[in-house]
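# Architecture and fold: a report
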Amino acid sequence: MNTYLIHTLCRRVLHDRKFRELILKDPDAAVASMPFSNEERTALLAGDVARLYREGASAFLLLILSRFEVFGLVLPVFNRRMRTGMPD
């Protein structure tokens, strides 16, 4: 898994208002605009933060996704998925 690319997406959500608007409106298009593998794309769109974390992504940077509720990741959902290690 390309953790650098995952981190780049998280930072873009935080710092790039237009990208953030796109990812909230059309997550498929936003993720497709970056060179993710099918495995990475699937995990991101499912909001599978536990898997991304296990594969090396920073929990701190992944938390940015819940700050903006990207991929349905409100804070309680993010916390539950990280704690249990499983998507809902």
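Here, every reference points to the structure presented above.
This write-up is about the structure you can find in this document. (Residues numbered from 1 in each chain as written. Predicted model: local features only at pLDDT ≥ 70, side-chain atom pairs only at ≥ 80, totals over all residues. Heavy atoms only, no water.)

Counting 25 residues, the largest nonpolar core has Leu 9, Leu 62, Leu 65 and Phe 71 as its most contacted members. Elements supplying a minimum of two residues to this core: helix 1 (3-15), helix 2 (17-25), helix 3 (27-32), helix 4 (38-45), helix 5 (49-54), helix 6 (59-67) and helix 7 (75-84). Ranked by residues supplied to this core, first place goes to helix 1 with five residues. Not counting residues within four places of it along the chain, the set of residues in contact with Leu 65 comprises Leu 9, Cys 10, Val 13, Val 70, Phe 71 and Leu 73. (Core = buried A, V, L, I, M, F, W, Y, C linked by side-chain atoms within 4.5 Å. Buried < 20%, exposed > 50% of the residue type's maximum accessible area, 1.4 Å probe, protein only. Helix = DSSP H or I, 4+ residues; strand = E, 2+ residues; numbered from the N terminus. Contact = heavy atoms within 4.5 Å.)

This part is about the pattern of salt bridges. Applying the stated criterion across every chain yields a total of three salt bridges. Among the ionic pairs, Asp 16 bridges to Arg 12, the shortest N-O distance being 3.7 Å. Between Glu 39 and Arg 51 there is a salt bridge, and its shortest N-O distance comes to 3.4 Å. Placement of Glu 39 in helix 4 and of Arg 51 in helix 5 is noted, with a sequence separation of 12 residues between them. For Glu 39, a relative accessible area of 39% translates into the label partly exposed. (Salt bridge = Lys/Arg side-chain N within 4 Å of Asp/Glu carboxyl O.)

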